[in-house]
Amino acid sequence: MSKIRKAAKEEKKKEIVRVACRLFAQRGYYNTTIPDIAEEMGMSVGNLYNYFKSKEELAKYIMQYSSRLLGEEIRKINEENIPTKEKIYKIVRKFFEIGQQQPELIEYFLRVFLSNREVFEEGCEGFLCVQEVVTELMLFLEEGGRKGDLRQQDFFPAFVTLMGPLGGMVFLQGEKVLPKTPLEYSDELAENIWRALKAD
């Protein structure tokens, strides 16, 4: 396959991901069919099956795609030679920027991935479908602890302390109860996370 054709296919896959995310989040996983997605895309069902063999495969790919996207951004922040506190501020801001630019990805995570775990049991157990994000956050927390900036603690409480508030803010935005965008709360939220994780 030529580079141009391969790039075009990848771009089409991204478009399918965006549309499928939105439909899954709006209608629910079980109420959305491959023909629904194909119709929204303006393509034939048969053509869509050239990209994804099943709805379940598409659902898992969306999580892997989202994890790669966010994981890559966190990796860039991890590689910067800046203080741990500043990294927290950047991670929080980047999460909300992605949520603002591609809200369907965050909505999908909250309303499909977390609510329909049975769909993701085979091949997405534990952190398998989100391993890029988890790996980069693990590296961030380990380095912060090694430098003495963050408290030494088990990974899971630290992970939830960092990521829980971010998901919570996006959920509140989805429920239309926030007077401002999550991005406008990013510095305040980052400060709260820093205070909760920093070494005494």
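Residues numbered from 1 in each chain as written. Predicted model: local features only at pLDDT ≥ 70, side-chain atom pairs only at ≥ 80, totals over all residues. Heavy atoms only, no water.

1. Some details on the state of the cysteines
Turning to step 1, where the next piece is worked out: Across all of its chains, the model carries 0 disulfides by this definition.
Turning to step 2, where the next piece is worked out: C21 carries a free sulfur, and the closest cysteine sulfur to it, the one in C129, is 13 Å from it. (Disulfide = S-S within 2.5 Å.)

2. Comments concerning a nonpolar patch on the surface
Turning to step 1, where the next piece is worked out: A surface patch of nonpolar side chains, about 250 Å² in accessible area, is lined by F171, L172 and V177.
Turning to step 2, where the next piece is worked out: Among the secondary structure elements, V177 is positioned in the loop between α8 (155–174) and α9 (186–197).
Turning to step 3, where the next piece is worked out: With a relative accessible area of 52%, V177 lands in the exposed category. (Patch = residues over 30% accessible without salt bridge, like charges linked within 9 Å, V, L, I, M, F, W, Y side chains within 5 Å. Areas by Shrake-Rupley, 256 points an atom, 1.4 Å probe, with all protein chains shown as cover. Salt bridge = Lys/Arg side-chain N within 4 Å of Asp/Glu carboxyl O. Helix = DSSP H or I, 4+ residues; strand = E, 2+ residues; numbered from the N terminus. Buried < 20%, exposed > 50% of the residue type's maximum accessible area, 1.4 Å probe, protein only.)

3. Quick notes on helix α5 (residues 84–101)
Turning to step 1, where the next piece is worked out: In a regular helix each residue adds 1.5 Å, so 18 residues correspond to 26 Å; α5 covers 26 Å between its end C-alpha atoms and thus fits that length.
Turning to step 2, where the next piece is worked out: Burial in α5 covers these residues: T84, K87, I88, I91, V92, F95, F96, I98 and G99. One face of α5 carries all of its buried residues, which in axial projection span an arc of 165°.
Turning to step 3, where the next piece is worked out: In this structure, the buried residues of α5 make contact with α4 (55–79), α6 (103–113), α7 (131–146), α8 and α9. (Expected span 1.5 Å × (residues − 1). Arc of directions from axis to C-beta. Contact = heavy atoms within 4.5 Å.)

4. Quick look at the packing of α4 against α5
Turning to step 1, where the next piece is worked out: Between α4 and α5, the least distance of the axes is 10 Å, while the angle of their chain directions is 155°. In terms of their interaxial angle, α4 and α5 are classed as roughly antiparallel. Crossing handedness for the pair α4 and α5: right-handed. Facing α4, whose interface residues are L69, L70, E73, I74, I77 and N78, α5 presents K87, K90, I91, K94, F95 and I98.
Turning to step 2, where the next piece is worked out: Taken together, the residues of the contact of α4 with α5 break down into 7 nonpolar, 1 polar and 4 charged. (Axes fitted to C-alpha atoms, helices over the stretch in contact; angles between N-to-C directions. Parallel < 35°, antiparallel > 145°, perpendicular 65-115°, else oblique. Left-handed = near helix turned anticlockwise from the far one by under 90°. Nonpolar A, V, L, I, M, F, W, Y, C, P; charged D, E, K, R; others polar.)

5. Some thoughts on the side chain of K55
Turning to step 1, where the next piece is worked out: Tracing the backbone shows K55 in helix α4.
Turning to step 2, where the next piece is worked out: Of the side chains bearing the opposite charge, D36 lies closest to the buried K55, which forms no salt bridge; the N-O distance is 7.5 Å. (Lys, Arg positive; Asp, Glu negative; His and termini not counted.)

6. Some remarks on the pattern of salt bridges
Turning to step 1, where the next piece is worked out: By the definition in use, this model includes 15 salt bridges.
Turning to step 2, where the next piece is worked out: In this structure, the salt-bridge partner of K12 is E15, at a minimum N-O distance of 3.8 Å. Note that K12 and E15 are positioned in helix α1 (residues 3–27) at a spacing of 3 residues, about one turn of the helix.
Turning to step 3, where the next piece is worked out: Here E72 ties to R75 by a salt bridge, and the two come within 2.4 Å at their closest N and O atoms. Residue E72 and its partner R75 are located together in helix α4, separated by 3 residues, close to a single helical turn.
Turning to step 4, where the next piece is worked out: Looking at E72, the relative accessible area reads 32%, which means it is partly exposed.
Turning to step 5, where the next piece is worked out: Linked by salt bridges that have partners in common, E73, K76, K94 and E97 make up one network.

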